[in-house]
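# Structural overview for review
Listed here are the chains, written in short residue letters.
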Amino acid sequence: MATIASSDAEQETQKAGRGIGVPAWAVAYLQATPLFLILGFFFLLPIAMIGIVSFWDYDFASLYPAFLTTNYTDTLGSWVTWKTYLNTLKFTVIVWGLTLFIGFWVAYFLAFHIRRTSTQMILFLVCTVPFMTSNIIRMISWIPVLGRNGLVNSTLIEMGIIPQPIEWLLYSDFAVVLAMVHLYTLFMVTPIFNTLMRIDRSLFEAARDAGASGWQVLWNVVLPLAKPGMAIGSIFVVTLVMADFSTVQVMSGGQSASIALMMKNQMSLLQYPAAAANAVVLLIVVLLMVAAILRIVDIRKEL
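These notes cover the structure that comes with them.

Reading guide: rules and limits
- Residues numbered from 1 in each chain as written.
- Predicted model: local features only at pLDDT ≥ 70, side-chain atom pairs only at ≥ 80, totals over all residues.
- Heavy atoms only, no water.
- Helix = DSSP H or I, 4+ residues; strand = E, 2+ residues; numbered from the N terminus.
- Rg over C-alpha atoms; globule rule 2.2 N^0.38 Å.
- Buried < 20%, exposed > 50% of the residue type's maximum accessible area, 1.4 Å probe, protein only.
- Contact = heavy atoms within 4.5 Å.
- Areas by Shrake-Rupley, 256 points an atom, 1.4 Å probe, with all protein chains shown as cover.
- Lys, Arg positive; Asp, Glu negative; His and termini not counted.
- Charge placed at Lys NZ, Arg CZ, Asp CG, Glu CD.
- Core = buried A, V, L, I, M, F, W, Y, C linked by side-chain atoms within 4.5 Å.
- Axes fitted to C-alpha atoms, helices over the stretch in contact; angles between N-to-C directions.
- Parallel < 35°, antiparallel > 145°, perpendicular 65-115°, else oblique.
- Left-handed = near helix turned anticlockwise from the far one by under 90°.
- Expected span 1.5 Å × (residues − 1).
- Bend = angle between axes of the 7 residues up to and from the residue.
- Nonpolar A, V, L, I, M, F, W, Y, C, P; charged D, E, K, R; others polar.
- Phe/Tyr/Trp six-rings, centres within 6.5 Å; stacked < 30°, edge-to-face > 60°.

### Here's the deal with the overall build of the protein
Of regular secondary structure, the protein possesses 14 helices and 2 strands. For 303 residues, the compact-globule estimate of 2.2 N^0.38 gives 19 Å, and the C-alpha radius of gyration of the protein, at 25 Å, exceeds that figure by more than 25%. For the protein, the spread of C-alpha atoms along the principal axes amounts to about 80 × 65 × 35 Å. By the burial criterion, 36% of the 303 residues in the protein qualify as buried. Long-range pairs, those at least 24 residues apart, make up 70% of the contacts in the protein between residues at least 6 apart in sequence. For the protein, the accessible area works out to roughly 18400 Å², and carbon and sulfur atoms hold 71% of it. Put simply, the protein has 16 plus and 15 minus side-chain charges, and the middle of one group is 6 Å from the middle of the other.

The following block contains the structure:
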């Protein structure tokens, strides 16, 4: 019935196209035109403008339209830029690994250990409750917990575990990674949970009937089928971490840096062409990372 209905709809569309003098092959393009215009105006045009401005000249007061490669040579020829990129990639790899590990086991528990669908949805909504507040608020909430006189240090001192406060809990790379894991783990949980819920449970029974242990079922059945969700979550986390500047600035106390924070500082100094050049380079790096993920895992079955 669905096939007959879809064919009837296609025939009606073709007839409507012929009625107004439009060739049948052009109907699909006309239907896609509004979406193309919206994406072009709000997505492609801003990226094109960033690319154009990245070749402009500037001084302390204004911008000068030109075609110069100075911004790129200054960006790629500076050891500070390379060091900042390495620092950003370090955060990305660590946060990606932790969110993937935590997100997979949370999704696995929700999908396979919670039997009732209503309970699954309630627990999943509980995971989303923190997202009802701003990222900045959730990030800053770690400061009274990790501070020198915060909850963690005060508790450890009162229990006699440490003689003095631990300094590296706050305003350090540890604090940056902890805050990012807190902020972005749900972006890994959601696609993995969606993928695990689509797995046919009869595959588990077949694997157990073949003599597979619980870990063998996990390794040979669950993980291969969960790869598309893990890839989608990885894309989310990688792009978010690479573009994050507020978490690095606040949680490191200005002692660490990222590419996005460098661009933010350049824009505050009205160095828009230099920031645009950094943005183009960052975009290329992120696209290469996403392409590598898509090269390893085919996510089309999830779309």
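### Looking at the nonpolar core
A general feature of soluble globular proteins is that nonpolar side chains tend to end up buried together. Formed by 42 residues in total, the largest nonpolar core has its most connected members in Phe112, Met180, Ile192, Leu196 and Val222. Where this core is concerned, the elements lending two or more residues are helix H4 (79-113), helix H9 (173-197), helix H10 (202-209), helix H11 (214-242) and helix H12 (246-251). Residue contributions to this core peak at 14 residues, all from H9. Not counting residues up to four positions away in its chain, the partners in contact with Leu196 are Ala107, Tyr108, Ala111, Phe112, Arg201, Val222 and Ala226.

### What about the environment of Gln271?
Tracing the chain through its elements places Gln271 in the loop between helix H13 (259-268) and helix H14 (272-296). For Gln271, a relative accessible area of 24% corresponds to the partly exposed category. Between the C-alpha atom of Gln271 and that of Ile259, which follows or precedes it by 12 residues, the distance is 15 Å. In this structure Gln271 touches Tyr58 and Gln266, once residues within four positions along its chain are discounted.

### Describing the side chain of Gln266
Within the secondary structure layout, Gln266 lies in helix H13. Judged by its relative accessible area of 13%, Gln266 falls in the buried class. When sequence neighbours within four positions are dropped, the list of residues in contact with Gln266 reads Gln271, Ala274, Ala275 and Asn278.

### Thoughts on the packing of H10 against H11
Relative placement of two packed helices is described by the angle separating their axes and the distance separating the axes. The geometry of H10 relative to H11 is characterised by a closest axis approach of 10 Å and an angle of 155° between their N-to-C directions. By the criterion of interaxial angle, the relationship of H10 to H11 is roughly antiparallel. Judged by the twist between their axes, the crossing of H10 over H11 is right-handed. Seen from H10, the contacting residues are Leu203, Phe204, Ala207 and Arg208; seen from H11, they are Val217, Val221, Val222 and Leu225.

### Side note on H11
The terminal C-alpha atoms of H11, which comprises 29 residues, lie only 36 Å apart, well short of the 42 Å expected from a rise of 1.5 Å per residue. The axis of H11 is deflected most strongly, by about 50°, at Lys227, and proline Pro228 appears within four residues downstream.

### Considerations on helix H2 (residues 24-53)
Taking 1.5 Å per residue, 30 residues should reach 44 Å; H2 reaches 41 Å between its end C-alpha atoms and fits that length. Along its length, H2 reaches its greatest deviation from straightness, about 45°, at Gly40. Looking at H2, one finds that the buried residues are Ala26, Val27, Gly40, Gly51 and Val53.

### Let's talk about the packing of H9 against H11
Running from N to C, H9 and H11 point in directions that differ by 150°, and their axes come no closer than 8 Å. The angle between the axes of H9 and H11 places the two elements in the roughly antiparallel class. The element H9 and its partner H11 pack so that their crossing is right-handed. Its residues assigned to classes, the contact of H9 with H11 shows 17 nonpolar, 4 polar and no charged.

### Considering the packing of aromatic side chains
What the rule picks out here adds up to 12 aromatic pairs. Taken together, a centroid distance of 5.3 Å and an interplanar angle of 80° make the contact between Phe104 and Trp105 edge-to-face. Since its relative accessible area comes to 6%, Phe104 is described here as buried. A ring pair is formed by Tyr184 and Phe187, whose centres lie 6.3 Å apart and whose planes are at 55°; its orientation type is tilted. One end of the pair is Tyr184 and the other is Phe187, both in helix H9 and 3 residues apart, which spans about a single turn. We classify Phe187 as partly exposed; its relative accessible area is 30%. Among the aromatic residues, ring-to-ring pairing joins Phe104, Trp105, Tyr108, Phe112, Phe204 and Trp215 into one connected group.

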